[in-house]
Amino acid sequence: MDLFPLWNSIRIALISTVAVFFIGIWSAYHISKASKEIKGIMDVLLTLPLVLPPTVVGYLLLRILGPQRIVGEWFLTNFDFKLTMTWWSAVFATVVVIFPLMYRTARGAFESFDETLAYSAQSIGLSDTFVFWKIRMPYCRPGIIAGTILAFARALGEYGATSMIAGFTPGNTATIATHVYQLWRTNNDELAFQWVLVNMLISFVVLFALNLIESQYKSKNNVKGGV
Amino acid sequence: MSISVDIEKNLGDFRLQVNFTAENEVLALLGASGCGKSMTLKCIAGIEKPDKGRILLDGVTLFDSEKNINLTPQERHTGLLFQNYALFPNMTVKENIEAGARREKNLEKRKQIVGSIITNFGLQDLLTSYPHQLSGGEQQRVALARMLVSDPKILLLDEPFSALDSHLRFRLEQEVRDLIRSFGKSVILVSHDRDEVFRLSDKICVIHNGKVETIGTKKEVFANPKTRQAAVLTGCKNISPIDRISDQKVIALDWGIELELNEKIGEAKYVGMRMHDLCMDAGENTFDCQVVEIIENPFSYTIMLKAQADAQAFGWEVNKETWQQIASEKIKIGFPKGKIILLNE
Amino acid sequence: MLGCGSDKPKASETEKRITVFAAASLTESLKEIGDKYMAENKNVKIVYNFDSSGTLKTQIQEGATCDIFISAGQKQMNQLDIKASEKLRPKKLDYILEGSRFNIVENKVVLVVPKNNVKNIKSYDDLVNKLKDDKILLAIGNSDVPVGQYTLKIFDFYKLDEKALAKAGKLTYGSNVKEVTTQIAEGAVDAGIIYQTDATTDKLKVVDNATKEMCGKVIYPAAILKQAKNQVETKKFFDYLKTDTAEAIFKKFGFTPVK
């Protein structure tokens with residue numbers, strides 16, 4: 001069994017999840033501090049990829065990153081760097097599709113934070129940095145871990161946007177999802193099913209590990225937080 | 001140690017406009033929920049910003065809208081205590097207190113002050129516990145310890161006893177009273193409980209809808225609340241609008257009775273009479289009243305009386321023994337001139 | 001048929017229903033033809049079921065209500081036609097009304113390129129040369145769709161090794177036609193092989209079309225089914241499909257009428 005789709009899927013999912021972890025937390029934190037109007041608009045915009053069918057997301061991405069469009073062309077002429085139809089194109093698609101999951105969960109975690117903890121900390125002289133890392137984050141961490149789990153799981157299953165922007169080139173851009181679809185369509189059911197099992201196994205291992213971390217963390221810090 | 005507050009802030013439904021000072025004493029901000037008293041405290045602590053005004057603490061300007069001064073909460077050195085104590089849930093008791101001592105850069109000294117406050121508050125056995133494992137009273141002690149170890153210039157207590165059961169309250173109130181005494185500096189206490197306010201404070205500032213209605217020593221304020229709202233907040237339950245008959249005679253419209261006063265009516269629109277100030281042998285302002293309801297309290301009775309059949313009732317609080325001796329359907333009751341409170345709107 | 005308790009109204013007063021099962025690629029063209037016909041024949045209602053030819057054939061077999069069947073290849077029609085040899089009709093089915101079958105339109109398997117045709121692909125021959133030597137990315141359909149199968153026939157004709165091309169990263173398989181046409185329109189791929197009708201719909205630039213030798217002809221046979229209810233009306237509409245009006249509409253969408 002050619003294992004390329006396995007490695008490709010895992011690296012795409014890992015890179016996307018890490019990227020979305022930082023971008024998601026950063027935007028969730030700053031937007032939770034913004035005015036009601038900005039919060040409302042940003043929430044809608046940033047949750048949009050969740051609502052749109054993945055193929056539409058892929059289509060829109062192609063229209064931005066394609067070689068004839070502004071961004072795509074810029075990279076092509078200046079760096080001879082193709083943004084589409086490569087394995088990392090799948091990263092763009094996956095990041096966009098999983099971002100809302102991380103963002104909304106992190107947002108929920110930050111919103112649930114009891115501000116009086118921050119106020120008390122400030123009044124006894126603790127710096128804002130200390131407050132963020134030593135008080136706010138530990139409180140919100142279970143929610144953030146949950147968001148990461150969701151994002152990674154979704155990343156592994158991402159198909160529609162990836163297919164549009166990265167195509168399906170065996171050995172080059174194939175992911176587990178697009179590979180399974182291909183096998184299924186060409187009546188290679190048995191192999192397809194084997195891959196489905198592989199996918200489920202990875203997901204199970206990762207989700208189990210993350211759940212373990214989450215419960216350990218919760219009991220150690222007695223935090224009631226979470227999604 | 002003195003504090004001077006003169007601020008304004010738009011709060012949507014109303015405008016907060018307060019102006020008071022305190023000098024090495026306990027000042028209570030008494031008012032109903034949502035009147036702006038907690039907001040005032042937050043403005044002093046620096047976690048909320050007034051629209052304009054000045055706040056001075058010990059000669060240091062914490063806030064001045066004209067000079068564009070607005071110190072961060074960290075720079076203000078205030079001690080802020082919330083109802084929920086705000087203990088950091090992910091830290092042990094020891095770590096919580098140590099967090100409060102972080103201003104002290106010298107590690108040796110820091111260890112020392114942490115150690116001594118732990119001893120003072122008797123927290124030795126709780127050091128490795130987490131906040132959720134502590135009782136309400138223990139949590140308060142830790143919160144107070146953490147606050148004091150940060151060496152604040154003023155204590156700001158936001159409804160410190162609201163979260164407690166009544167039997168705990170008494171004991172913890174005592175602890176806080178001792179603490180305040182030994183603190184020696186100014187304390188601003190926010191509460192809606194008039195008894196607690198009376199017990200703990202020296203000065204009272206009554207706030208209603210963002211405005212200061214009355215300010216003075218606690219005795220002054222209770223004796224002479226000045227406004228109807230302040231009277232209500234200080235626990236006066238018998239209040240009636242009045243019409244002027246002469247300079248020192250009015251008719252209480254709700255109760256349908258005429259009252260003679262000790263002083264000139266002035267601009268007053270209401271009279272108030274505390275329930276326990278009514279008495280049977282007042283001499284003056286006495287009326288034949290019909291008992292309409294007898295309400296039993298744990299240690300007293302509240303007798304609802306009507307002087308006129310078509311008027312509203314007013315209440316008389318009397319202890320149980322006395323009532324048992326004089327109980328009847330008709331009572332002669334009097335409004336002593338000296339206890340009549342004249343109130344503006 | 002005195003009508004007591006029966007709620008069958010007089011035939012001439014009711015709306016006649018004609019059910020048409022047709023290959024998905026005929027969707028827009030057939031709908032337009034049908035709408036035109038219905039505008040001129042108010043007592044007729046044409047109901048469509050567009051899907052892949054294989055699925056439609058199976059539905060007919062399973063007893064679906066159908067009056068007219070138009071498939072995207074002879075294979076499915078053969079399976080239902082008693083006139084076809086037993087080899088082509090393994091299940092010995094007999095659904096087609098004798099004499100009604102005819103070839104209605106032809107589709108072409110075309111080579112399309114992005115507007116700016118960066119790799120300057122001029123024809124199938126040119127494409128094949130470039131596939132061998134240069135770094136070209138070609139988008140094709142999966143082998144489970146007819147256009148994918150035709151593509152493989154073209155590869156065979158040019159003696160190209162599909163697997164080798166795929167391994168070299170020169171092929172990308174689209175999940176559906178829309179994906180392929182979008183990728184071509186955006187220039188994300190250098191060329192694609194699709195139906196003329198899809199190229200016409202998405203206004204893509206066609207540089208060549210496949211000959212009979214390369215992949216055979218893509219012929220769409222049409223037939224009236226034996227089970228058709230309103231035989232008269234069905235035949236009338238069926239004949240309408242052969243008129244110049246219908247032919248013009250088919251041409252508009254990229255089909256080639258069969259003479």
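All of these numbers come straight from a predicted model, not from anything done at the bench.

Novice: Account for the overall build of chain C, with residues named and values stated.
Specialist: Looking only at helices and strands, one finds 11 helices and 11 strands in chain C. Taking all 259 residues of chain C together, 42% fall into the buried category. When contacts within chain C are restricted to residue pairs at least 6 apart in sequence, those whose partners lie at least 24 apart make up 73%.

Novice: Account for the confidence of the model for chain C, with residues named and values stated.
Specialist: Residue and element names in this part refer to chain C. Of all residues in chain C, 95% have pLDDT values of 70 or greater, and the mean over the chain is 87. Low pLDDT (under 50) marks residues 1-5, which in the prediction has 0 contacts with non-local residues, meaning those over four places away or in another chain. Taken over the whole predicted complex, pTM reads 0.70, whereas the ipTM for its chain interfaces reads 0.82.

Novice: Can you break down the interface of chain C and chain A residue by residue, with the values?
Specialist: Opposite the 20 residues of chain C that make contact, chain A presents 21 residues. Looking at the side of chain C that touches chain A, the elements with two or more residues in it are helix H6 (162-167), strand S7 (171-174) and helix H7 (177-185) of chain C. Tallied by class, the residues present in the side of chain C that touches chain A amount to 7 nonpolar, 9 polar and 4 charged.

Novice: Go over helix H6 (residues 115-123) of chain A with me, naming the residues and quoting the values.
Specialist: Of all the 9 residues making up H6 of chain A, 7 are buried; the element is thus mostly covered by neighbouring parts of the structure. Every buried residue of H6 of chain A is accounted for by Leu 117, Ala 118, Tyr 119, Ser 120, Ala 121, Gln 122 and Ser 123 of chain A. In this structure, the buried residues of H6 of chain A make contact with helix H7 (128-157) of chain A together with helix H1 (37-45), helix H2 (73-76) and strand S7 (78-81) of chain B. The first or second residue beyond H6 of chain A is Gly 125 of chain A, which carries a positive phi of 100°.

Novice: Requested: an account of the sheet that holds strand S6 (residues 138-141) of chain C, with residues and values cited.
Specialist: Hydrogen bonds between backbone atoms are what pair the strands of a sheet, whose relative direction is either parallel or antiparallel. Residues and elements named next belong to chain C. Read across the sheet, 5 strands follow the order S7-S6-S8-S5-S9 without closing on themselves; strand pairing throughout is mixed. The two strands at the open ends of the sheet, each matched to only one other strand, are S7 and strand S9 (205-209). For this sheet the average axis-to-axis angle between neighbouring strands, irrespective of direction, equals 35°.

Novice: Any details on helix H9 (residues 176-185) of chain A? Residues and values, ideally.
Specialist: Helical geometry note: an α-helix holds 3.6 residues per turn, so side chains three or four residues apart project in the same direction. All names here are of chain A. Judged by how many residues are buried, H9 sits mostly within the fold: 7 of 10 residues are covered. Those residues of H9 lying buried are Ile 176, Ala 177, Thr 178, His 179, Val 180, Tyr 181 and Gln 182. Phi turns positive one or two residues past the end of H9, at Asn 187, with a value near 60°.

Novice: Explain the interface of chain B and chain A to me, using residue names and the numbers behind them.
Specialist: On the side of chain A, 16 residues touch chain B, which itself brings 22 residues to the contact. Here the side of chain B that touches chain A takes 3 residues from S7 of chain B, the largest share from any one element. Of the residues belonging to the side of chain B that touches chain A, the class tally is 11 nonpolar, 8 polar and 3 charged.

Novice: If you had to explain the environment of Phe 168 of chain A to someone new, which residues and values would you point to?
Specialist: The residue Phe 168 of chain A is located in the loop between helix H8 (160-166) and H9 in this model. Judged by C-beta crowding, with 26 C-beta atoms within 10 Å, Phe 168 of chain A ranks as buried. On a C-alpha basis, the gap between Phe 168 of chain A and His 179 of chain A in space is 7.8 Å, while along the polypeptide they are 11 residues apart. When neighbours within four sequence positions are excluded, Phe 168 of chain A is seen to be in contact with Ser 163, Thr 173, Ala 174, Thr 178 and Gln 182 of chain A together with Thr 172 and Tyr 173 of chain C.

Novice: How would you explain the sheet that holds strand S18 (residues 314-319) of chain B if you had to name every residue and give the values?
Specialist: Residues and elements named next belong to chain B. In space, the 4 strands of this open sheet follow the order S18-S17-S16-S19, with antiparallel pairing throughout. The sheet terminates laterally at S18 and strand S19 (330-334), the two strands that pair on one side only. Ignoring which end each strand starts from, the neighbouring axes of this sheet average 50° apart. Note that strand S17 (residues 300-306) and S18 share 6 bridges and pair antiparallel. Bridging from a neighbouring strand, Leu 305 pairs with Phe 314 of S18.

Novice: Which residues make up the packing of helix H1 (residues 4-32) of chain A against H7 of chain A, and what values do they have?
Specialist: All names here are of chain A. Two elements in contact, H1 and H7, have axes whose closest approach is 9 Å; the angle formed by their N-to-C orientations is 145°. You can see that H1 and H7 cross each other, and the crossing is right-handed. Every residue of H7 that contacts H1 at Ser 9, Ile 12, Ala 13, Ser 16, Thr 17, Val 20, Phe 21, Gly 24 and Ile 25 is listed here: Ile 144, Gly 147, Thr 148, Ala 151, Phe 152, Ala 155 and Leu 156. Considering only residue class, the contact of H1 with H7 consists of 10 nonpolar, 6 polar and no charged.

Novice: Just give me the short version of the environment of Leu 152 of chain C, but keep the residues and values in it.
Specialist: All names here are of chain C. Relative to the helices and strands, Leu 152 is located in helix H5 (residues 146-157). Sequence separation of Leu 152 and Cys 215 is 63 residues, and the distance between their C-alpha atoms is 8.3 Å. The residues contacting Leu 152, other than those within four sequence positions of it, are Ser 143 and Glu 162.

Novice: Can you tell me about the nonpolar core, naming the residues and giving the values?
Specialist: Membership of the largest hydrophobic core comes to 177 residues, with the highest contact counts inside it found for Ala 93 of chain A, Ala 28, Leu 156, Ile 188 and Val 271 of chain B together with Val 109 of chain C. Per-element accounting of this core gives the leading share, 15 residues, to helix H5 (residues 89-111) of chain A. When sequence neighbours within four positions are dropped, the list of residues in contact with Leu 156 of chain B reads Leu 41, Ile 44, Ala 45, Thr 78, Gly 79, Leu 80, Leu 81 and Ile 188 of chain B.

Novice: Explain unusual backbone geometry to me, and be specific about the residues and the numbers.
Specialist: The phi torsion at Asn 285 of chain B lies on the positive side, around 45°, for a residue other than glycine. As for its position among the elements, Asn 285 of chain B is in the loop between strand S15 (270-273) and strand S16 (286-296). Positive phi, close to 55°, is recorded for Lys 159 of chain C, a residue that is not glycine. Its location among the elements puts Lys 159 of chain C in the loop between H5 and H6.

Novice: Summarise the confidence of the model for chain B; cite the residues concerned and give the values.
Specialist: Put simply, chain B has an average pLDDT of 90, and 100% of its residues get 70 or more. Looking at the elements of chain B, mean pLDDT is at its lowest for helix H6 (residues 166-183) of chain B, recorded as 83, and at its highest for strand S4 (residues 52-57) of chain B, recorded as 94.

Novice: Which residues make up the pairing of strand S5 (residues 109-113) of chain C, and what values go with them?
Specialist: All names here are of chain C. For S5, the buried fraction is high: 5 of the 5 residues fall into the buried class. Burial along S5 is two-sided: Val 109, Leu 111 and Val 113 facing one way and Val 110 and Val 112 facing the other are all buried. Strand direction decides the pairing type here: S5 and strand S8 (residues 191-195), joined by 4 bridges, are antiparallel. Bridging across to S8, Val 112 finds its partner in Gly 192. Of the strand pairs in this sheet, S5 and S9 are connected by 4 bridges, and their pairing is antiparallel. Paired with Leu 111 across the bridge in S9 is Asp 208.

The rules we used
Residues numbered from 1 in each chain as written. Chains lettered and ligands numbered in written order. Predicted model: local features only at pLDDT ≥ 70, side-chain atom pairs only at ≥ 80, totals over all residues. Helix = DSSP H or I, 4+ residues; strand = E, 2+ residues; numbered from the N terminus. Buried ≥ 20, exposed ≤ 12 C-beta atoms within 10 Å, placed from the backbone. Contact = placed C-beta atoms within 7 Å. pLDDT = per-residue confidence, 0-100. Nonpolar A, V, L, I, M, F, W, Y, C, P; charged D, E, K, R; others polar. Pairing = 2+ DSSP bridges. Axes fitted to C-alpha atoms, helices over the stretch in contact; angles between N-to-C directions. Left-handed = near helix turned anticlockwise from the far one by under 90°. Core = buried A, V, L, I, M, F, W, Y, C linked by C-beta atoms within 7 Å.

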